[in-house]
Amino acid sequence: MTTTASSPVSVLGLGMMGSALAAALIEAGHPTTVWNRTAARTGPLVAQGAAPAGSVADAVAASPLVIVCLTTYDDVATVLNDADLSGRTLVNLTNGTPDQAREFAARATAGGAAYLDGGIMAVPQMIATDAAYVFYSGDDAAYARHRPTLAALGGTRWTGTDPGLAALWDLSLLTGMYGMVMGMAQAFALSGSAGVPARELAPLLADWTVAMTSGLVPATAEAVDTGHHLTDVSSLAVNRAAFPGLLAAYEGAGVDPSLFAPLGTLLDRAVAEGHGADGLSRLVELLKQT
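We now turn to the structure provided with this report. (Residues numbered from 1 in each chain as written. Predicted model: local features only at pLDDT ≥ 70, side-chain atom pairs only at ≥ 80, totals over all residues. Heavy atoms only, no water.)

**Some words on the sheet that holds strand S3 (residues 51–52)**
Moving on, step 1. Pairing is mixed across the open sheet formed by 8 strands, whose spatial order is S3-S2-S1-S4-S5-S6-S7-S8. Only two strands of the sheet have a single partner each, and these edge strands are S3 and strand S8 (155–160).
Moving on, step 2. Pairing geometry for strand S4 (residues 65–68) and strand S5 (residues 89–92), over 4 bridges, is parallel. By the bridge assignment for S5, Ile 67 is matched with Val 91. (Pairing = 2+ DSSP bridges. Helix = DSSP H or I, 4+ residues; strand = E, 2+ residues; numbered from the N terminus.)

Next comes the structure, spelled out in structure tokens:
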């Protein structure tokens with residue numbers, strides 16, 4: 001049976017993200033029960049039409065679909081330790097690792113629940129907008145059944161029946177984001193060492209990053225999938241020769257080089273192993289071997 005626009009749902013955990021999820025469900029017309037360790041946090045959502053639950057057990061009993069959004073998987077385990085999940089679909093939108101998702105899926109299934117793990121690709125302010133989407137993995141029948149309800153949160157992207165896949169996709173995208181954050185931080189620190197205002201560099205940095213990634217990301221993906229890493233653009237040997245200059249510039253400007261120094265080690269290894277003529281895509285294979 002597929003859920004409808006009026007299907008009830010319970011939300012456990014009312015931090016910024018959990019509150020945004022609950023508000024989106026209320027706005028979409030779902031009878032929504034909410035629970036939080038600090039009961040006062042239910043107030044704004046109750047004012048919007050949510051029903052407060054006095055306990056985790058009450059929240060779980062109130063709805064066939066239970067969404068959990070807490071800080072860690074340990075928190076989820078603690079909160080649901082004594083809850084009767086039989087007959088429920090548990091959607092865990094807590095950040096974690098693929099192995100944690102698989103372990104918790106086994107636990108939830110043993111308790112009689114259908115389990116979905118999710119990775120939210122949005123900040124709270126983006127929830128329920130066209131820019132937000134959530135990765136899901138686990139019980140495909142439960143996903144099909146509750147997808148109309150989950151769509152209230154944003155786009156729904158199925159990654160497979162392995163419960164760990166949503167976390168894998170989530171962490172892969174976050175890895176790319178943190179890589180850009182590291183580069184941005186290093187760039188602003190270097191330019192700032194000469195008194196260049198960050199806002200002056202910002203538009204050039206944004207344009208350069210978009211120009212590079214728009215071509216580099218799909219080209220690297222193609223090279224990785226085909227195993228064809230030879231390049232006529234910028235070889236690993238060329239990058240290795242130029243890289244010490246970056247580190248020297250950081251040190252000369254009094255900027256900590258520790259974010260970037262490991263890349264030099266990887267470039268050295270790539271060339272030493274005979275991959276000097278390859279492009280940067282070869283680094284993916286070297287990372288897989290470590």
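**Digging into the pairing of strand S2 (residues 32–35)**
Moving on, step 1. Side chains Thr 32 and Val 34 project from S2 onto one buried face, and the interleaved Thr 33 and Trp 35 project onto a second face that is buried too.
Moving on, step 2. As defined by bridge partners, strand S1 (residues 9–12) adjoins S2 across 4 bridges and the pair is classed as parallel. Of the residues in S2, the one forming a bridge with Ser 10 is Thr 33.
Moving on, step 3. Taken together, S1, helix H1 (residues 16–27) and S2 form a β-α-β motif whose crossover is right-handed.
Moving on, step 4. Alignment of S2 against S3, held across 2 bridges, turns out to be parallel. From the neighbouring strand, Thr 33 faces S3, where its bridge partner is Ala 51. (Buried < 20%, exposed > 50% of the residue type's maximum accessible area, 1.4 Å probe, protein only. Right-handed = clockwise from strand over helix to strand, strands pointing away.)

**Regarding the side chain of Thr 156**
Moving on, step 1. Relative to the assigned elements, Thr 156 resides in strand S8.
Moving on, step 2. A relative accessible area of 15% means that Thr 156 is categorised as buried.
Moving on, step 3. Looking at Thr 156, its side chain comes within polar contact range of the side chain of Tyr 143, at 3.3 Å.
Moving on, step 4. A distance of 2.7 Å separates the side chain of Thr 156 from the side chain of Arg 147, its partner in a polar contact.
Moving on, step 5. Setting aside its immediate chain neighbours within four residues, Thr 156 contacts Val 134, Tyr 136, Tyr 143, Arg 147, Leu 150 and Ala 151. (Polar contact = N/O pair within 3.5 Å; in protein donor to acceptor, adjacent residues only side chain to side chain. Contact = heavy atoms within 4.5 Å.)

**A few points about the environment of Leu 150**
Moving on, step 1. By the secondary structure assignment, Leu 150 is in helix H6 (residues 140–150).
Moving on, step 2. For Leu 150, a relative accessible area of 0% puts it in the buried group.

**So, the layout of surface pockets**
Moving on, step 1. There is about 380 Å³ of room inside the second largest pocket.
Moving on, step 2. If you trace the second largest pocket, you find 17 residues lining it, with Met 17, Asn 95, Ile 120, Ala 122 and Leu 174 closest to the centre.
Moving on, step 3. For the lining of the second largest pocket, the elements supplying multiple residues, two or more each, are strand S6 (114–121) and helix H7 (165–192).
Moving on, step 4. Of the residues forming the lining of the second largest pocket, the biggest block, 5 residues, is contributed by H7.
Moving on, step 5. Partitioned by chemical class, the residues of the lining of the second largest pocket number 13 nonpolar, 3 polar and 1 charged. (1 Å grid on protein atoms, 1.4 Å probe; cavity = no way out; pocket = protein on both sides within 12 Å on 5 of 7 lines; lining within 4 Å. Points joined across faces, edges and corners; volume = space filled by probe spheres on them. Nonpolar A, V, L, I, M, F, W, Y, C, P; charged D, E, K, R; others polar.)

**As for the pattern of salt bridges**
Moving on, step 1. Across all of its chains, the model carries 6 salt bridges by this definition.
Moving on, step 2. Notably, a salt bridge pairs Asp 75 with Arg 37, separated by 3.8 Å at the nearest N-O pair. Placement of Asp 75 in helix H4 (residues 73–79) and of Arg 37 in the loop between S2 and helix H2 (43–48) is noted, with a sequence separation of 38 residues between them.
Moving on, step 3. The salt bridge involving Asp 278 is made with Arg 282; its shortest N-O contact spans 2.7 Å. (Salt bridge = Lys/Arg side-chain N within 4 Å of Asp/Glu carboxyl O.)

Nothing here speaks to function; it is all geometry.
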